[in-house]
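# Chains, contacts and geometry: an overview
Listed below are the residues making up each chain.
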Amino acid sequence: MQQTYSPAWDLDVIFPGGSESTDFRIYVNTIRNDMGRLAGTVNSYTPAPGKGNNQELIDIVKQLESAMKKLREASAFVSCLTAQDVKDEKANLLEGQRNELKAEMSGIRTNFNQKLATIDDKTWDELSDQPELAELSFILNESREQAKDELSVKEEVLMNDLAVDGYHAWNQMYGTIVGNMSVEIEEDGEVKAYSVGQASNKLSNPVRSVRKHVSEQLDKAWSSQAALFAQTLNHLAGFRLQKYKHRSWESVLKEPLAINRMKKETLEAMWTAITNNKSHFVDYLQKKAELLGLEKLSMYDVGAPLTDSVKQLSYTEGAAFIVDHFRKFSPKMADFAKMAFAKRWIEAEDRPGKRPGGFCTSFPDSGQTRIFMTYSGTPSNIATLAHELGHAYHQHVMNDVNGLNQGYAMNVAETASTFAEMIVADASVKNAKNSDEKKALLEDKIKRSVAFFMNIHARFIFENRFYEERKQGMVSVQRLNELMVEAQKEAYEDAVTDYDPNFWASKLHFHITGVPFYNFPYTFGYLFSLGIYAHAKEKGGSFEDDYIALLRDTGSMNVEDLAKKHLNVDLTKPDFWENAIGLCINDVEEFLAL
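Residues numbered from 1 in each chain as written. Predicted model: local features only at pLDDT ≥ 70, side-chain atom pairs only at ≥ 80, totals over all residues. Heavy atoms only, no water.

## A closer look at the environment of Gly407
On the secondary structure map, Gly407 appears in the loop between α17 (379-396) and α18 (410-430). Between the alpha carbons of Gly407 and Ile322 there is a distance of 27 Å; along the sequence they are 85 residues apart. Once residues lying within four places of it in the same chain are set aside, the contact partners of Gly407 are Arg261 and Gly555. (Helix = DSSP H or I, 4+ residues; strand = E, 2+ residues; numbered from the N terminus. Contact = heavy atoms within 4.5 Å.)

Encoded structure:
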């Protein structure tokens, strides 16, 4: 008999009481005390020329790891609270406290990094070779180099402090506005109000008139708040540009590339390979339009199902489907996923009041993770659930890695998630019961390729152009709409119509302050995971441990070295990207043949 899983998560096992948790308040006070002690230790640390100061440095690193783990734990809890109930005012207050703590930690790290940068290279080599520090050599070297590229400690700390209310607050404001929005949709002659997350799920309805109505109502909702969203976007971008100007950073891509530990040549090789192969996906979009009886797809048709022959799965059925297919590839990943479902690490309930979208967040002090999404039983929901479980498994295999080496970048984080998604998508196609179901499931795979090669590309193009215009001053709602449509036309090679001018307002990622250019890492992760998947299929059963070894290295290597070490490929050359895209083209060719 199949175990039944609850779609509501359990946060009480970490901190009971939600946003009023006494345990959480005590935990936050512990973090404040730990950070105060760490700040004092860092302040008194004075590296002397030619002198190791080895024990002092080891003490700081140990304190830093402990404090950062606890801060990540608290931060994850607040993220969960604000996502599960956007109207939880106490949770919103906790978010402000969290941002202040993060700014304080950032100041401590800046001070420490700048002190590391003053150590001469010969002394540094001797220090970093010590057994207690050797495993952290990558992250400590990265910190040193970063410090050399920044302003003075005093200026950087001031900037971090000002960012709490002058930068991160714009992201918080965006979340508050979205949380209070509702979308009115007419169903069976009755008008119902939905959250934007619930309404967005209805865009996969097989009936075109329903999709069109939902799209129009979503557009109306986003348009009604566009003036406010233009403020959040313009001001957070303005803050970034001022920071870059004072640091004498000319390119807006300098920070996102550094965060993702990748070279500009790698990014360019990836987009070039994609652009050179888009014609195959344009053919797919044209064929889809033909199958739907349309001359051209509207933007709201791109994600539409071609058939209703693919049945919807309950949450428990979806969970069993994922675990079964994980097991055929990686028994350890399957066992982990089963545990996550059984222990209620996932919030998937379809109800109003939740934040739109999905995420996975880590509780490194507890050794747990939590997944957030809204599940309504579609193949897309199952893919999202597998995707987030991939993130969770990534953190799971790193739980015993030094906390400072757990800070893997977004592009490799998206690798683990899309790899998990790929396992389930591939298995779904192979296990199709008939040609109609196979066609529908294959098409669902191709839709993901279109999302990464076209939708994400549009975001990247838009953001590049928006920043260039923002350098000259505020960008109006009308101009933001124009830039968005221009980017979509270019990215989709004009293969669709009825573009989404408000996409810049509706996509949370443009308004997130933690990660600038929250777009290209998704495409990187998708293609990198395809390369890993192809490599895994070649190696067969022996790959599971190799895959875990790769994941464990993601926080302590740049992506080019990671790919060279584990896959023996050069990411700065187009060959790897072309080969990965080739797997997606195979899907298109099989679909067109069907």
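Still to come is the rest of the account.
## Overview of the pairing of strand β1 (residues 183-187)
Relative to strand β2 (residues 190-194), β1 is paired through five bridges, and the arrangement is antiparallel. Residue pairing for β2: Glu187 is matched across the bridge by Glu190. Linking two consecutive strands that pair antiparallel, namely β1 and β2, is a turn of two residues; a positive phi of about 50 degrees is found at Asp188 within it. (Pairing = 2+ DSSP bridges.)

## Some remarks on the pattern of salt bridges
Inspection of the entire model under this criterion finds 41 salt bridges. Asp301 is the partner of Arg208 in a salt bridge, and the nearest nitrogen-oxygen pair spans 2.8 Å. Of this pair, Arg208 sits in helix α10 (residues 208-224) while Asp301 sits in the loop between β3 (297-298) and α15 (315-329), and the two are 93 residues apart along the sequence. With a relative accessible area of 0%, Asp301 lands in the buried category. Residues Arg351 and Glu347 are paired through a salt bridge, measuring 3.6 Å at the closest nitrogen-oxygen approach. The exposure class of Arg351 is partly exposed, given its relative accessible area of 22%. Take Glu347: its relative accessible area is 2%, and that puts it in the buried class. Several salt bridges share partner residues, and in doing so they unite Lys288, Glu421, Glu443, Asp444, Lys447 and Arg448 into one network. (Salt bridge = Lys/Arg side-chain N within 4 Å of Asp/Glu carboxyl O. Buried < 20%, exposed > 50% of the residue type's maximum accessible area, 1.4 Å probe, protein only.)

## So, helix α19 (residues 435-470)
An ideal rise of 1.5 Å per residue puts 52 Å on 36 residues; α19 measures up with 50 Å between its terminal C-alpha atoms. Ala451 marks where α19 bends most, by close to 35 degrees. Taken across its 36 residues, α19 has 27 buried, putting it largely inside the fold. Two or three places before Asp436, at the start of α19, stands the capping residue Asn434, its side-chain oxygen 3.2 Å from that residue's backbone nitrogen. (Expected span 1.5 Å × (residues − 1). Bend = angle between axes of the 7 residues up to and from the residue. Polar contact = N/O pair within 3.5 Å; in protein donor to acceptor, adjacent residues only side chain to side chain.)

## Details of helix α24 (residues 559-567)
In an α-helix there are 3.6 residues to a turn, and that puts residues three or four apart on one side. Along α24, the residues classified as buried are Val559, Glu560, Leu562, Ala563, His566 and Leu567. For α24, the buried positions fall inside an angular range of 160 degrees around the axis, keeping them on one side. Looking at the buried residues of α24, the elements they touch are α13 (264-276), α18, α22 (520-539), α23 (543-552) and α25 (574-593). Backbone nitrogen of Glu560 and a side-chain oxygen of the N-cap are separated by 3.3 Å at the start of α24; the cap is Asn558. The first or second residue beyond α24 is Asn568, which carries a positive phi of 60 degrees. (Arc of directions from axis to C-beta.)

## Quick look at the packing of helix α1 (residues 22-44) against helix α3 (residues 89-117)
Axis separation between α1 and α3 bottoms out at 10 Å; the angle between their running directions is 20 degrees. As the angle between them shows, α1 and α3 are arranged roughly parallel. The crossing of α1 and α3 is left-handed. Together, Phe24, Val28, Arg32, Met35, Leu38, Ala39, Val42, Asn43 and Ser44 of α1 and Leu94, Gln97, Leu101, Glu104, Met105, Ile108, Asn111, Phe112 and Lys115 of α3 make up the contact between the two elements. (Axes fitted to C-alpha atoms, helices over the stretch in contact; angles between N-to-C directions. Parallel < 35°, antiparallel > 145°, perpendicular 65-115°, else oblique. Left-handed = near helix turned anticlockwise from the far one by under 90°.)

## What to know about unusual backbone geometry
Glycine aside, a negative phi is what most residues show, and trans is what most peptide bonds show. Unusually for a residue other than glycine, Ser248 sits at a positive phi of about 65 degrees. With respect to the helices and strands, the residue Ser248 is situated in the loop between α11 (226-246) and α12 (254-259). By relative accessible area, Ser248 is classed as exposed at 62%. Backbone geometry places Arg344, a non-glycine residue, at a positive phi of 60 degrees. Here Arg344 lies in the loop between α16 (331-342) and β4 (346-347).

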